[in-house]
Amino acid sequence: MHINSTILSGQGVLKDLYFLLKDRKHVLFITDQNIINLSVTKELIEKVQENVALVTIVDDIPPEPSHHDVTNLLNKMKVSNADLVIGVGGGSVLDVAKLISVLCIKDSNITLEQLLDGQKPTRRCTSILIPTTAGTGSEATPNAILAIPEKDTKQGIISPVMLPDYVCLVPELTTSMPNHIAASTGIDALCHLIECFTANISNPIGDNYALIGMQKLFNSLEKSVNDKTNIETKLNMLWASYYGGAAIAHAGTHLVHAMSYPLGGKYHIPHGVANAILLVPCMEFVRDAVVDKFAQAYDLLPDAVLTLTAEEKSHALVNYFRELVKRLALPCKLQELNISSDDLHYLVDAALDVKRLMNNVPKQVSKQDVLAIYRSLL
Ligand SMILES: NC(=O)c1ccc[n+]([C@@H]2O[C@H](COP(=O)([O-])OP(=O)(O)OC[C@H]3O[C@@H](n4cnc5c(N)ncnc54)[C@H](O)[C@@H]3O)[C@@H](O)[C@H]2O)c1
Ligand SMILES: [Zn+2]
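Each value, and the rule that gives it
Residues numbered from 1 in each chain as written. Chains lettered and ligands numbered in written order. Predicted model: local features only at pLDDT ≥ 70, side-chain atom pairs only at ≥ 80, totals over all residues. Domains from an automatic or database assignment. Contact = placed C-beta atoms within 7 Å. Helix = DSSP H or I, 4+ residues; strand = E, 2+ residues; numbered from the N terminus. Nonpolar A, V, L, I, M, F, W, Y, C, P; charged D, E, K, R; others polar. Buried ≥ 20, exposed ≤ 12 C-beta atoms within 10 Å, placed from the backbone. Pairing = 2+ DSSP bridges. Axes fitted to C-alpha atoms, helices over the stretch in contact; angles between N-to-C directions.

Colleague: Is there a simple way to think about the domain arrangement of the protein in this case?
Modeller: Here the protein is described as being made up of domain 1 (6-173) and domain 2 (179-376). Computed over C-alpha atoms only, the centres of domain 1 and domain 2 are separated by 26 Å. On the side of domain 2, 29 residues touch domain 1, which itself brings 27 residues to the contact. Elements with a contribution of two residues or more to the side of domain 1 that touches domain 2: strand S6 (143-148) and strand S7 (153-158). With three residues, S6 is the largest single contributor of residues to the side of domain 1 that touches domain 2. Residues that form the side of domain 1 that touches domain 2 fall into these classes: nine nonpolar, 13 polar and five charged.

Below, the structure is given as structure tokens:
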């Protein structure tokens, strides 16, 4: 997969985008209620409004949006002629902005229903994605994930056409993240990196992205959660998240994400929190099939003991993940989220149904295996 977005990164970098506002007729600005009030966002909106006659601001994208949310938004906006879409937010906002960039353009020849049916878009308007979590890496993936309440799960709409023209990694936009969101979205980035690195269809390009991303994440995640003002670690986390997204574009995630889809889709558990609960048991399950890759990842830890055997390193990596989730004070059990043994059969069937990701698990996985993992979390 070729990702050809132009990337701008660093403090104050948004002003380097202003040239893109010249001669625009209609800008759609997509964000949410938390982000619209940040001073950096306000400044950007002012600049857009100064330069463009018609600016539509959508500031109510909910977390973990469903296809109904996008349909309601399309009905409400009644516009189909945007020439620039700017998305500023976490994965929820960016995924919607990606969809809007193919749906709200002049003479669009595709609908949301058709995208959900698997038809592919062929074009979009100019788009800029600016993440405020670190994160989903949505700005680097061809995916937009929507909840499907009728099926109690989530669905990915996938097309490289949705990759943006410009990505801005602006560390000062992520300093307002509450600690628990910085922690859970950081674990999401870690899941992208380690799952893609060990996926059945991993390849050397995705592997390199995953290794660079993990090195940055291992050095910065805890520091960036514990010290919101540290711009350097915030920027490192944005890059780790971006590399996670780029790794997804090449390889795709597997067991953690397949098993977390129903937790998000039916029980509305935030994506990063669901992944944090599943990370350790899923990595324990696949470990013996990917010993060498786990050893390679272990070597990137700041206090790695390089003399250990590959087998020892692979166990030590799983232990590091276990301690990391605890230190970040994220939930480790489904019971903490009011999920009980009555829910297990639904969860197992729904997870096995995410075939795109289950086929990517680097080891045979049976219904009994999936049940045992969920059961271990009660
Ligand atoms: N497209 C992809 O490749 C991809 C990958 C993984 C996840 N996802 C999807 O992304 C969504 C989750 O995104 P997310 O984890 O980034 O969370 P989110 O976008 O849902 O945001 C979570 C909460 O954090 C708040 N928030 C975000 N940034 C903030 C900031 N800087 N300051 C203060 N508050 C802030 C938001 O307003 C929201 O209330 C899910 O729908 C998930 O399925 C997409
Ligand atoms: Zn994810």
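Colleague: What am I meant to see in unusual backbone geometry here?
Modeller: Only a minority of non-glycine residues have a phi that is not negative, and only a minority of peptide bonds are not trans. For Asp-23, which is not glycine, the phi torsion reads 65° and is therefore positive. Secondary-structure assignment places Asp-23 in the loop between strand S1 (6-9) and strand S2 (26-30). Backbone geometry places Glu-64, a non-glycine residue, at a positive phi of 50°. For Glu-64, the position within the fold is in the loop between strand S3 (54-58) and helix H2 (67-77). Note on Glu-64: 19 C-beta atoms within 10 Å, which makes it partly exposed.

Colleague: I'm lost on the sheet that holds strand S4 (residues 84-89) in this one. Help?
Modeller: Through backbone hydrogen bonds, the strands of a sheet pair up, either in parallel or in antiparallel fashion. What the six strands build is an open sheet, ordered S1-S8-S5-S4-S2-S3; its pairing is parallel. Looking at strand neighbours, the two that pair on one side only are S1 and S3, the edges of this open sheet. Averaged over all pairs of adjacent strands, the angle between strand axes in this sheet comes to 15°, irrespective of strand direction. Examined bridge by bridge, strand S5 (residues 126-131) and strand S8 (residues 166-169) share two bridges and lie parallel to one another. Among the inter-strand pairings, Leu-129 is bridged to a residue of S8, identified as Val-167. Sheet contacts for helix H3 (residues 91-103): S2, S4 and S5; angle to S4, the most-contacted strand, approximately 170°. Most of the contacts of helix H7 (residues 231-250) go to S8, to which it runs at about 145°, and overall it touches S1, S5 and S8.

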